[in-house]
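What follows is the residue order along each chain.
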Amino acid sequence: GAGVSQSPSNKVTEKGKDVELRCDPISGHTALYWYRQRLGQGLEFLIYFQGNSAPDKSGLPSDRFSAERTGESVSTLTIQRTQQEDSAVYLCASSAKRYSPLHFGNGTRLTVT
Amino acid sequence: TQLLEQSPQFLSIQEGENLTVYCNSSSVFSSLQWYRQEPGEGPVLLVTVVTGGEVKKLKRLTFQFGDARKDSSLHITAAQPGDTGLYLCAGAYDMRFGAGTRLTVKP
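The following paragraphs examine the structure supplied in this document.

Definitions and cut-offs
Residues numbered from 1 in each chain as written. Chains lettered and ligands numbered in written order. Predicted model: local features only at pLDDT ≥ 70, side-chain atom pairs only at ≥ 80, totals over all residues. Heavy atoms only, no water. Buried < 20%, exposed > 50% of the residue type's maximum accessible area, 1.4 Å probe, protein only. Helix = DSSP H or I, 4+ residues; strand = E, 2+ residues; numbered from the N terminus. Pairing = 2+ DSSP bridges. Contact = heavy atoms within 4.5 Å. Buried area = accessible area lost by both parts, 1.4 Å probe. Salt bridge = Lys/Arg side-chain N within 4 Å of Asp/Glu carboxyl O. Polar contact = N/O pair within 3.5 Å; in protein donor to acceptor, adjacent residues only side chain to side chain. Disulfide = S-S within 2.5 Å.

With that settled, the discussion passes to the pairing of strand β8 (residues 88–95) of chain A. All names here are of chain A. With eight of eight residues buried, β8 is to be regarded as a mostly interior element. Residues of β8 alternate between two faces, with Ala88, Tyr90, Cys92 and Ser94 on one and Val89, Leu91, Ala93 and Ser95 on the opposite face, all of them buried. In the sheet, strand β4 (residues 31–37) pairs with β8 via seven bridges, with the strands oriented antiparallel. Paired with Gln37 across the strands is Val89, a residue of β8. Two strands pair when backbone bridges link them, and β8 and strand β10 (residues 108–112) are joined in this way by three bridges, in the antiparallel orientation. If you follow Tyr90 over to β10, its bridge partner there is Thr108. Bridge count for β8 against strand β9 (residues 103–104) is two bridges, and the pairing is antiparallel. Paired with Ser94 across the two strands is His103, which belongs to β9.

It is worth spelling out the interface of chain A and chain B at this point. At the junction of the two partners, chain A supplies 19 residues and chain B supplies 19 residues. When chain A packs against chain B, the two sides together hide about 1400 Å² of surface, and 52% of this comes from carbon and sulfur. Taken as a group, Leu43(A), Tyr99(A) and Phe104(A) account for 31% of the area that chain A buries against chain B, more than any other trio of residues on that side. The tally of links between chain A and chain B comes to one salt bridge. Of the charged contacts, one joins Arg96(B) and Asp56(A) as a salt bridge, the two residues approaching to 3.7 Å between their closest N and O atoms. Put simply, chain A and chain B have seven residue pairs in polar contact (both at pLDDT 80 or more) between them. Sorting elements by how many residues they give to the side of chain A that touches chain B places β4(A) first, with three residues.

Residues and elements named next belong to chain B. Counting across every chain of the model gives two disulfides over all chains. Between the sulfur atoms of Cys23 and its disulfide mate Cys89 the distance is 2.1 Å. The sign of the S-S torsion, about 85°, decides the handedness of the disulfide formed by Cys23 and Cys89: right-handed. Remark: Cys89 occurs in strand β9 (residues 85–91) and Cys23 occurs in strand β3 (residues 19–24); sequence separation between them is 66 residues. The exposure classification of Cys23 matches that of Cys89, with both residues buried.

Distances and angles like these do not, on their own, reveal function.
Structural data, given as structure tokens:
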């Protein structure tokens, strides 16, 4: 596709359930980022993938959060045992290479009830 | 991690007014990016500034990078309702964002 695609666009889940969020970056983009945006706030960095290098996981808030990326394609962000404070919009972005401008998807709005 | 502070946090003005928002850090940046985010969408890149003292113009928006490359400003001339949104800055090294300035322009 022409842009970054995220799915689902909305997800409602019960507290304690696991959720998986998907990101399809722009083809050929080697860098991929995940961010969390709580209501009315800025972007909180979660994790960064660059090619086949080890990901920068320094922003993951707890061990309930994990992410994977297959080569330079799809990435999934998994949240285990969801809590109400996990409710937020999760944004994915890709770039052609490190330091290049980011192209964002429209996010997945996660609501934990 | 290079920390970015943005100010003001919120700004509400009337159409036609001018405004300036700021992005500051104690660290030196190799380059800095400005994005705008509208409700329900992801942020979109406005500009990248690279050279200390650099000034870039995008229609009614003027971006400046400080001489020491530790700060940047965004000035909007004759703001319009279409300028409403969340303005974010990010250091290109680690792509961490400031908290943003939420701008509302009233018609």
